[in-house]
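# A closer look at the structure
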Amino acid sequence: MKEREAIDRIIQLAIEEDQGENGDISSLLIFSENETAQAVLTAKEDGIVAGLSVASMVLSHFDETAHFQPCVTEGAAIRKGESIATISASVLTLLSAERIILNFMQRMSGIATIAHRYQEACKGTKCRILDTRKTVPGLRILDKMAVRAGGAYNHRIGLYDMVMLKDNHIKASGSITEAVKKVRESLPLSVKVEVETSNLNEVAEALEQQVDIIMLDNMPSEMMAEAVRLIDAQCITEASGNMTLERIPSVAALGVDYISVGALTHSVKALDISMNFTID
């Protein structure tokens, strides 16, 4: 499914959830369809903006004539009190779309903000921050868009676009060697193979199988440093597990290519954004 089609489906589900069968009964009892107004989206704290295109798409679902004008660009750093976008539309559209727009933009901007902080913690190294599949079910495409807006990078989108052999794959297969062998019997050469390792013996075994990426999972920093020396740039390295913002600089300095961080999406704090009508 193409990205825009997937986002349209998510938005439609959000509208159906919020509108139910009767629509916005509070607003419908007060306003007519021809009453118009303007509103402004405002940052209530510092952060990174994400979800501008999604907000515009939400409006289009209600009224294609609604006008959404960003004041900043996607991924921009904003300060508390700064305007993010202005909207001109019918009062009914503004009131019906308000919470849906804010729900998407607050979550996405929260993700972008923390992604930016993690990537900034890698400054001075070659390391890049990756997201994971620890996303809200059904919202992965938006979560990963937000990660990119924050300056970090997407790992695999789902189970379908890359081979990652984790501990349970390896246990069920008997060994790293056997798991990789089974995969490569019918795997197209264009598909990368990543193997999760937890100790130096597993790292050595994965190296022997000439995999594309070796994940150094939940390793102490001293072991990780030895693993990087052992791998010696023969494949890509990815550090994972217990990667707090405080730990990122020291792990990045070990020379790993990537650090994957589930916290970018699984426990994000929404960025506080308001939407208020403007009074002439």
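- An unreviewed UniProt entry lists the chain under the name nicotinate-nucleotide diphosphorylase (carboxylating), with Porphyromonas miyakawae given as the organism.
- The Sequence similarities (unreviewed entry) field of the UniProt record for the chain holds the comment "Belongs to the NadC/ModD family."
- Quoted verbatim from the Function (unreviewed entry) field of the UniProt record, the comment on the chain reads "Involved in the catabolism of quinolinic acid (QA)."

## Notes on helix α4 (residues 91-120)
- In this model, α4 (30 residues) spans 41 Å end to end at C-alpha, consistent with the 44 Å of a helix rising 1.5 Å per residue.
- If you look at α4, its biggest bend is around 40 degrees, right at Ala 97.
- In terms of burial, α4 is a largely internal element, 23 of the 30 residues being buried.

## What to know about the sheet that holds strand β7 (residues 163-165)
- Strand order in this open sheet of six strands is β6-β11-β10-β9-β8-β7, and the pairing throughout is parallel. Sheet topology places β6 (128-130) and β7 at the edges, where each strand pairs with a single neighbour. Along the sheet, successive strands turn relative to each other by an average axial angle of 25 degrees, direction set aside.
- Taken together, the three bridges between β6 and strand β11 (residues 258-260) define a ladder with parallel strand orientation.

## A few points about unusual backbone geometry
- At Gln 210, a position not held by glycine, the phi torsion is positive, near 55 degrees.
- The residue Gln 210 is located in the loop between α8 (200-208) and β9 (213-217) in this model.
- Its identity as a non-glycine residue notwithstanding, Asp 232 has a phi of 50 degrees, on the positive side.
- Among the secondary structure elements, Asp 232 is positioned in the loop between α9 (221-231) and β10 (236-240).
- The exposure class of Asp 232 is exposed, given its relative accessible area of 55%.

## Structural notes on the side chain of Ser 274
- Counting through the fold element by element, Ser 274 comes out in strand β12 (residues 273-277).
- Since its relative accessible area comes to 14%, Ser 274 is described here as buried.
- A polar atom in the side chain of Ser 274 sits 3.3 Å from the side chain of Asn 276.
- Setting aside chain neighbours within four positions, we find Ser 274 in contact with Val 40, Leu 41, Thr 42, Lys 44 and Leu 102.

About the cut-offs
- Residues numbered from 1 in each chain as written.
- Predicted model: local features only at pLDDT ≥ 70, side-chain atom pairs only at ≥ 80, totals over all residues.
- Heavy atoms only, no water.
- UniProt positions renumbered as here; feature names shortened; annotations may be inferred.
- Helix = DSSP H or I, 4+ residues; strand = E, 2+ residues; numbered from the N terminus.
- Expected span 1.5 Å × (residues − 1).
- Bend = angle between axes of the 7 residues up to and from the residue.
- Buried < 20%, exposed > 50% of the residue type's maximum accessible area, 1.4 Å probe, protein only.
- Pairing = 2+ DSSP bridges.
- Axes fitted to C-alpha atoms, helices over the stretch in contact; angles between N-to-C directions.
- Polar contact = N/O pair within 3.5 Å; in protein donor to acceptor, adjacent residues only side chain to side chain.
- Contact = heavy atoms within 4.5 Å.

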